[in-house]
Amino acid sequence: MNFHVMTLFPEMIRQAMGESITGRAIREGYISLDVVNIRDFAENKHNRVDDYPYGGGAGMVMQAGPVYSCYQSVCEGIRKEQGGDSGRKVRVIYLTPQGKVFHQGMAQELAQEEELVFLCGHYEGIDERVLEKIVTDPVSIGDYVLTGGELPALVMMDAISRLVPGVLNNDLSAETESFSGSLLEYPQYTRPEEWMGEKVPPVLLSGHHKNIAAWYREQSILRTARLRPDLLEKAELTPEEREWVKGQ
Ligand code: 6GU
């Protein structure tokens, strides 16, 4: 997976992606990160990339020219890296509260791509004409307003990275964790066996793997029912499990 990020705050992207699991994945070559500063494509000597909105109104708008030049530079980089045009249309994700709301299924779909380009806006937005020319996927990360697209791009890259083969230590964990099958994770415990008078559930100390697996499943279903009943509707439960959770 090769991520390309167009932003006015390149350090924000590099710093966050350089830490923890994504940082290791980059160093080990499972993912790559190409961050491009839109300001490098400013068309004036003051390096300004925003201007007043036509029609008036509050705030500033990012100009089409620098964003488009930045995009062309990213595309040129991809072509060079691939040794010619792959024929595949690269997906350009524009982070905007007006986009489709990001979810795990979208992360799974995007993780299949070889290249992903993220366009992070700032100020009040970006000139619509360049968005129409280059954006394939407008995406939001939820119904609240942020100051820019950097944090949403980081959220998406984090969620996508962990689905790329090799990024997590075990291929299983990305599968079994929260939201696969739309169930929340079961509670987890580690040493000590008793903490502030609270004991670890005895089944986990039993060494009986079948019982433990059944308890995990039960806890996942219970948690989902209590905390996210909306998820339970589309969850993959057996008819027996559906009947059982009704009685809980
Ligand atoms: Cl993608 N951008 C901004 N600015 N705010 C958001 C968002 C994106 N998703 C939720 N809020």
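Since the model is a prediction, treat every value here as computed from it, not as a measurement.

1. Some remarks on the packing of aromatic side chains
Enumeration over the complete set of coordinates arrives at four aromatic pairs. Centroid distance Tyr68 to Tyr71: 5.9 Å. Interplanar angle 35°. Geometry classified as tilted. Here Tyr68 pairs with Tyr71, and both are found in helix α3 (residues 64-82), just three residues apart, close to one helical turn. By relative accessible area, which is 31% here, Tyr68 ends up partly exposed. The class for Tyr71 is buried, based on a relative accessible area of 14%. Considering the side-chain rings of Tyr186 and Tyr216, the 3.7 Å spacing of their centres and the 5° angle between planes classify their relative orientation as stacked.

2. Remarks on a nonpolar patch on the surface
Judged by side-chain polarity, Phe9, Met12, Tyr144, Leu146 and Leu151 come together as a nonpolar surface patch covering roughly 450 Å² of accessible area. Relative to the assigned elements, Phe9 resides in the loop between β1 (2-7) and α1 (10-17).

3. A look at the site of the ligand
Close to the ligand lie Leu95, Thr96, Pro97, Val139, Ser140, Ile141, Gly142, Tyr144, Leu146, Gly148 and Pro152, which account for all nearby residues. In this structure, a nitrogen atom belonging to the ligand sits 3.1 Å away from a main-chain N or O atom of Leu146. Relative to its unbound accessible area of 290 Å², the ligand is 95% covered by the protein chains. According to the grid-proximity analysis, the pocket containing the ligand is the largest pocket. Of all the secondary structure elements, the ones that give two or more residues to the shell around the ligand are β5 (91-101) and β7 (137-140). When residues in the shell around the ligand are grouped by element, the largest group, three residues, is from β5.

4. Concerning helix α8 (residues 209-227)
In this model, α8 (19 residues) spans 26 Å end to end at C-alpha, consistent with the 27 Å of a helix rising 1.5 Å per residue. Listing the buried residues of α8 in full gives Ile212, Trp215, Gln219, Ser220, Ile221, Leu222 and Thr224.

5. Structural notes on the pairing of β1
The element β1 is largely enclosed, with a buried count of six among its six residues. Of the two faces of β1, the one holding Asn2, His4 and Met6 and the one holding Phe3, Val5 and Thr7 are both buried throughout. When β1 meets strand β2 (residues 32-37), the two strands line up parallel, connected through six bridges. Each residue of the ladder has a partner; that of Asn2, found in β2, is Ser32. As paired strands, β1 and strand β6 (residues 115-120) are joined by five bridges and run parallel to one another. Each bridged residue has a counterpart across the sheet, and for Val5 the counterpart in β6 is Phe118.

6. Some remarks on the sheet that holds β1
With respect to topology, five strands assemble into an open sheet ordered β2-β1-β6-β5-β7, the strand pairing being parallel. Every interior strand has two partners, whereas the edge strands, β2 and β7, have only one. Adjacent strand axes in the sheet meet at a mean angle of 30°, parallel and antiparallel pairs treated alike. Sheet topology note: the β5/β7 ladder contains five bridges and is parallel. Opposite Leu95, over in β7, you have Val139 as the bridge partner. Of the strands in this sheet, β1, β2, β5, β6 and β7 touch helix α6 (residues 150-161), which is tilted by about 160° from β6.

Thresholds applied
Residues numbered from 1 in each chain as written. Predicted model: local features only at pLDDT ≥ 70, side-chain atom pairs only at ≥ 80, totals over all residues. Heavy atoms only, no water. Phe/Tyr/Trp six-rings, centres within 6.5 Å; stacked < 30°, edge-to-face > 60°. Helix = DSSP H or I, 4+ residues; strand = E, 2+ residues; numbered from the N terminus. Buried < 20%, exposed > 50% of the residue type's maximum accessible area, 1.4 Å probe, protein only. Patch = residues over 30% accessible without salt bridge, like charges linked within 9 Å, V, L, I, M, F, W, Y side chains within 5 Å. Areas by Shrake-Rupley, 256 points an atom, 1.4 Å probe, with all protein chains shown as cover. Salt bridge = Lys/Arg side-chain N within 4 Å of Asp/Glu carboxyl O. Near = heavy atom within 4 Å. Polar contact = N/O pair within 3.5 Å; in protein donor to acceptor, adjacent residues only side chain to side chain. 1 Å grid on protein atoms, 1.4 Å probe; cavity = no way out; pocket = protein on both sides within 12 Å on 5 of 7 lines; lining within 4 Å. Sits in = over half its atoms within 2 Å of the grid points. Expected span 1.5 Å × (residues − 1). Pairing = 2+ DSSP bridges. Axes fitted to C-alpha atoms, helices over the stretch in contact; angles between N-to-C directions. Contact = heavy atoms within 4.5 Å.

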